Amino acid sequence: MTWIEGAAGSGYDVDHLPLGVVELPDMADRTGTQVATRIGAHVLTLTSLAAAVRTPEDVQPALAARDLGPLLAAGPSTWSRLRAWLTDLLTDATHRDDVEPHLHAHADVRPILPFAVADFVDFYASEHHARRAGEIMRPGGEALLPNWRHLPVGYHGRAGTVVVSGTPVRRPYGQRRTSEPDRAGRLATYAPSRRLDFEAELGFVVGPPTAPGTRIRPDDLSEHVFGVVAVNDWSARDIQGWEYAPLGPLLGKAFATSAAAWVTPLAALEDARVELPPQDPPPLPHLAVNGPAGYAIDVEVRLNGHVVSRPPYASTYWGPGQMLAHLTSGGLPLRTGDLFAGGTISGPGEDERGCLLELTHGGARPIRVGSDERTFLEDGDEVSIVMTASGALPGSRLRLGEVAGRVLPAD
Ligand code: MN
């Protein structure tokens, strides 16, 4: 039990302790950015706290940094010492006078992107999504291509356009196919996207770097990944649909990818671990898992405040350990701050589709959004994705950092 009032039931009890980086604009004595955690309705600044109280010697330099990079790089033993140190400070009321000066109301701080994203990789790990997207993108063709059950399909995205939750997203321009050639025989036009979409995804944040040639086993995920963030992989379907053959998405997804400001440690998600769905055929030995390799995380997607989807992450076919094992199976070195996401999370149900492409059957069937209808996103629309999972305390639900963003009109 923490001595912080109101933490129980808030989603930010002492069994969660997500990490982020905040700016304190009005604190002249503590200028600049602070590594921070959330507890109840508060943000606890750890950079200032670690400078003021006894701190494990490997934890203190990691918290003195301007972002989470040094802490991510420090690896799992430092991560667990930080967690034990924080748990002691927040559960033993004798530390109250030491800790309280470093507590701020959540509304009074500004979270920023908590780490420099090194490389961004997006997978396509949900069978329900891959099957339905395949039917929409390749009508009459094979919904799932023959490789899909043998490896987690993915692509290298653009790390430089990962933005923190709350950042507005401008509707991109791009090429899309036209129904008729123009007088010069051109099949395409260049204009603002008309089929702008969201993708509700779970992202995984890589910790220590690895040497080239290091192949990671799926069961070793928690040695290499610090934690998870909710991700919205904004997608321009018309640009994507024209450009993606035969090499995959380029600009249709490169204009913005939003990530939550708070990283939930894998250590907080132990009680959310579940078996993956049955895998047939069994994966090759280097992708095989032993024991629960998935996570039961409930996802809620809101469009302009109205819930439009509730996809269950537990239904995702490929586990994150398998994605990491596949990513490193050819020998690429990991960098601190690498972010990989599992692709759109979709379950089997009609209301479990994690993007508008699926929810509207490729734009053919508008969905109801309050008193409005939508096929794709309109200017001014706000998308927010919230994820929850079981925590370690009895009856506890962790509330992962929200990822939200509003669509700005094209320039
Ligand atoms: Mn995606």
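Described below are features of the structure shown in this document. (Residues numbered from 1 in each chain as written. Predicted model: local features only at pLDDT ≥ 70, side-chain atom pairs only at ≥ 80, totals over all residues. Heavy atoms only, no water.)

If you look at the biggest cluster of nonpolar residues, it comprises 101 residues, and the most contacted ones within it are Trp-85, Leu-90, Leu-202, Leu-269, Phe-340, Leu-377 and Met-387. Residue-level mapping places this core at the junction of two domains, with at least three residues from each of domain 1 (19-112) and domain 2 (120-408). With near-sequence residues (within four places) excluded, Leu-90 lies in contact with Met-1, Thr-2, Trp-3, Ile-4, Val-14, Leu-17, Ile-39, Leu-44 and Val-99. (Core = buried A, V, L, I, M, F, W, Y, C linked by side-chain atoms within 4.5 Å. Buried < 20%, exposed > 50% of the residue type's maximum accessible area, 1.4 Å probe, protein only. Domains from an automatic or database assignment. Contact = heavy atoms within 4.5 Å.)

Of all 5 residues that make up strand β1 (residues 19-23), 4 are buried, and the element is covered over most of its length. Alignment of β1 against strand β2 (residues 33-39), held across 5 bridges, turns out to be antiparallel. Bridged to Val-21 within β2 is Val-35. As paired strands, β1 and strand β5 (residues 110-112) are joined by 3 bridges and run antiparallel to one another. What sits directly across from Val-22, in β5, is Pro-111. (Helix = DSSP H or I, 4+ residues; strand = E, 2+ residues; numbered from the N terminus. Pairing = 2+ DSSP bridges.)

Turning next to the sheet that holds strand β4 (residues 103-105). Spatial ordering of the open sheet is given by β4-β3-β2-β1-β5, a layout of 5 strands whose pairing is antiparallel. For this open sheet the edge positions go to β4 and β5, each flanked by a neighbour on one side alone. Neighbour-to-neighbour, the strand axes of the sheet open up by a mean angle of 50°, direction not taken into account. (Axes fitted to C-alpha atoms, helices over the stretch in contact; angles between N-to-C directions.)

Another point: the coordination of the manganese ion. Coordination sphere of the manganese ion, protein contribution only: Asp-122 (OD), Glu-199 (OE), Glu-201 (OE) and Asp-233 (OD), at 2.1 Å. Of note, the manganese ion draws all its donor residues from one chain, in the sequence arrangement D-x76-E-x1-E-x31-D. Pair noted here: Asp-122 is in strand β6 (residues 120-123) and Glu-201 is in strand β13 (residues 200-206), with a separation of 79 residues, a long-range link. For Asp-122, a relative accessible area of 1% gives the class buried. The exposure class assigned to Glu-201 is buried, which follows from its relative accessible area of 0%. (Donors = N, O, S within 2.8 Å, 3.2 Å for Na, K, Ca; no water.)

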